[in-house]
Amino acid sequence: MKKLTIGSIQKCKSARKLVMITAYDAIFARLLSESADILLVGDSLNMSFGGNPDTLSITMDQMIYHTNAVCKGAPNTFVITDMPFGSYIDEVTAFSNAMKVYRETSADAVKIEGGADKAHLVHHLTSNGIAVCGHIGLLPQAVRAEGGYKVKGKTEDEALSLIADAQALEKAGAFILVIEGVKADVATRVAMSVSIPIIGIGAGNGVDGQVLVFSDMLGLYEPFVPKFVKQYMNGAAAVKEAAANYKTEVQNRGFPSDEYIY
Ligand code: KIV
């Protein structure tokens, strides 16, 4: 598949749904890039890969390490990398960290969480040559401040505020937005209110594309399965079965058989 550009991604808004999947390493980046338009090196890797309770403790250097792995595994796929919590608290910090991503990886864009309150940061980045994906609705980096993961868009005020967020980020130069954990009818209104693509996660079918965390989508992450996740395979059972078969054959000396011996 030919690597998409910002222009071709934006043209998809009126033409077809965009497919975004997270990836954290070269192995899965290579496999998933056959189907994904965009690979997102999400800071969710701090949870599913790193085993932490939330995304907040991941560092810039860890994001860069994983972004490099993904870019190497999928050199022909558009890659967006998450700016970690605390890495974009002001314009100078945001630009210096985004520039680090561009200098040290071949990521195509960065993603930052927040709505109209972050528009000045998005404007500063985009006007200095950084491509930015916004992220509105449920903001995982706000989990401690909000005391949990809260679905957004439950009232008309929240709906109007999400529409204002999307419009402010579009005006600031964001080329695409992720909308997470938002009532489906409200997410549809948000998508209709801007001309940039809106990629949903837990936001229904009226948006311009979907993103899922790959380990959720493959059924690999057992601790918790959110309502919006569809598991396209039972990865956990497949891995456990393979490991159990290996264990049996090691213990009964079935492995390595003659074909696996030098
Ligand atoms: O970190 C992540 O994987 C994300 C997705 C949930 C969109 O931001």
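Residues numbered from 1 in each chain as written. Predicted model: local features only at pLDDT ≥ 70, side-chain atom pairs only at ≥ 80, totals over all residues. Heavy atoms only, no water.

## Remarks on the packing of helix α6 (residues 119–126) against helix α8 (residues 156–172)
Worth spelling out the cut-off: Throughout, an axis means a line fitted to C-alpha atoms (over the contacting stretch in the case of helices), and angles, computed between N-to-C directions, take values from 0 to 180 degrees. A helix here means a DSSP run of H or I that spans at least four residues, while a strand means a run of E at least two residues long, and both kinds are numbered starting from the N terminus. Here is the rule for angles: anything less than 35 degrees is roughly parallel, anything more than 145 is roughly antiparallel, 65 through 115 is roughly perpendicular, and the remaining ranges are oblique. Note on convention: near helix rotated counterclockwise from far helix by under a right angle means a left-handed crossing. Clockwise means right-handed. Contacts are residue-level and defined by heavy atoms, with any inter-residue pair within 4.5 Å sufficient. Under the scheme applied, nonpolar residues are Ala, Val, Leu, Ile, Met, Phe, Trp, Tyr, Cys and Pro; charged residues are Asp, Glu, Lys and Arg; polar residues are all the others, including Gly.
α8 packs onto α6 with a crossing angle of 20° between their chain directions and a minimal axis gap of 8 Å. Classed by the angle they form, the pair α6 and α8 counts as roughly parallel. Crossing handedness for the pair α6 and α8: right-handed. Of the residues in α8, those in contact with A119, V122, H123 and T126 of α6 are A168, L169 and A172. When its residues are assigned to classes, the contact of α6 with α8 shows five nonpolar, two polar and no charged.

## Structural notes on the state of the cysteines
Put simply, the rule is: Disulfide: a pair of cysteine sulfur atoms within 2.5 Å of each other.
With the rule as written, the count across this model stands at zero disulfides. Just so you know, C71 is unpaired, no disulfide at all, and the nearest cysteine sulfur is the one on C133, 15 Å from it. Not part of a disulfide, C133 finds its nearest cysteine sulfur in C12, a span of 14 Å.

## Let's talk about the domain arrangement of the protein chain
It is common to give the size of an interface as the accessible area that goes away when the parts come together. The condition that has to hold: Marked domain ranges trace back to an automatic or database domain assignment.
Considered domain by domain, the protein chain is made up of domain 1 (6–231) and domain 2 (236–262). Inter-centroid distance (C-alpha atoms) of domain 1 to domain 2 is 39 Å.

## What about the packing of aromatic side chains?
Condition: Aromatic rings from Phe, Tyr and Trp, with only the six-membered ring used for Trp, were paired whenever their centres fell within 6.5 Å, and each pair was classed as stacked if the ring planes differed by under 30 degrees, edge-to-face if by over 60, and tilted otherwise. Under the scheme applied here, a residue whose accessible area is under 20% of the maximum for its type counts as buried, over 50% as exposed, and between as partly exposed, the area being computed with a 1.4 Å probe on protein chains only.
Summed over all chains, the structure comprises five aromatic pairs. Centre to centre, the rings of Y24 and F214 are 5.2 Å apart; their planes meet at 70°, and the pair counts as edge-to-face. Taken together, the residues span a long stretch of sequence, with Y24 in the loop between β1 (18–22) and α2 (26–32) and F214 in helix α10 (residues 214–217) at a distance of 190 residues. When sorted by exposure, Y24 lands in the same class as F214, which is buried.

## Some points on the site of the ligand
Formally: Working definition: residue near molecule or strand if any one of its non-hydrogen atoms lies within 4 Å of it. Side-chain atoms alone can form a polar contact between residues adjacent in sequence; in general such a contact is a pair of N or O atoms within 3.5 Å, and within protein one must be able to donate a hydrogen while the other accepts it. Here the Shrake-Rupley method, with its probe set to 1.4 Å, supplies the accessible areas, and only the displayed protein chains count as covering residues.
Taken together, T22, L40, G42, D43, S44, D82, K111, H135, V178, E180, I201 and V213 make up all the residues around the ligand. With respect to the ligand, the side chain of S44 contributes an N or O atom lying 2.5 Å from an oxygen atom. Between the ligand and K111 there is a distance of 2.8 Å, counted from an oxygen atom to a side-chain nitrogen or oxygen. Look at the ligand: alone it shows 260 Å² of surface, and the protein chains cover 95% of it. Residue classes in the shell around the ligand are distributed as four nonpolar, four polar and four charged.

## Focus: the side chain of H66
Considering the arrangement of structural elements, one finds H66 in helix α4 (residues 60–73). Relative accessible area serves as the criterion here: at 7%, H66 is assigned to the buried category. Setting aside anything within four residues of it in sequence, one finds H66 in contact with Y24, V41, L45 and F49.

## Here we look at the pattern of salt bridges
Rules: The working definition used for a salt bridge is a side-chain nitrogen of Lys or Arg within 4 Å of a carboxyl oxygen of Asp or Glu.
This structure, assessed with the given rule, holds eleven salt bridges. Measuring nitrogen to oxygen at the nearest pair gives 3.2 Å for the salt bridge that ties K100 to E104. Placement of the pair is K100 and E104 together in helix α5 (residues 91–104), with a separation of four residues, close to one helical turn. The partly exposed category is assigned to K100, whose relative accessible area is 24%.

## Some remarks on the sheet that holds strand β2 (residues 38–41)
Within a sheet, each strand pairs with its neighbour through backbone hydrogen bonds, oriented either parallel or antiparallel. Here is the rule: Here, strands pair whenever DSSP counts at least two bridges between them.
Overall, parallel pairing links the eight strands, which are arranged β1-β2-β3-β4-β5-β6-β7-β8 in a closed barrel. Each strand axis lies, on average, 25° off the axis of its neighbour in the sheet, ignoring direction. The pairing of strand β7 (residues 198–201) with strand β8 (residues 209–212) spans two bridges and is parallel. Counted as the bridge partner of G200 is Q210 from β8.

## Some words on a nonpolar patch on the surface
The test is simple: Like-charged residues are merged into a patch within 9 Å and nonpolar side chains (Val, Leu, Ile, Met, Phe, Trp, Tyr) within 5 Å, provided each residue has over 30% relative accessible area and no salt bridge.
A surface patch of nonpolar side chains, amounting to about 420 Å² of accessible area, comprises Y246, V250, F255 and Y260. With respect to the helices and strands, V250 occurs in helix α11 (residues 235–251). Relative accessible area serves as the criterion here: at 41%, V250 is assigned to the partly exposed category.

## Side note on the side chain of H135
Mapped onto the fold, H135 is located in strand β5 (residues 132–137). In this structure the side chain of H135 is engaged in a polar contact, spanning 3.4 Å, whose partner is the backbone oxygen of L138. For H135, the side chain forms a polar contact with the side chain of E180, separated by 3.0 Å. With sequence-adjacent residues up to four places away left out, H135 is seen in contact with K111, I112, E113, G114, P140, V178 and E180.

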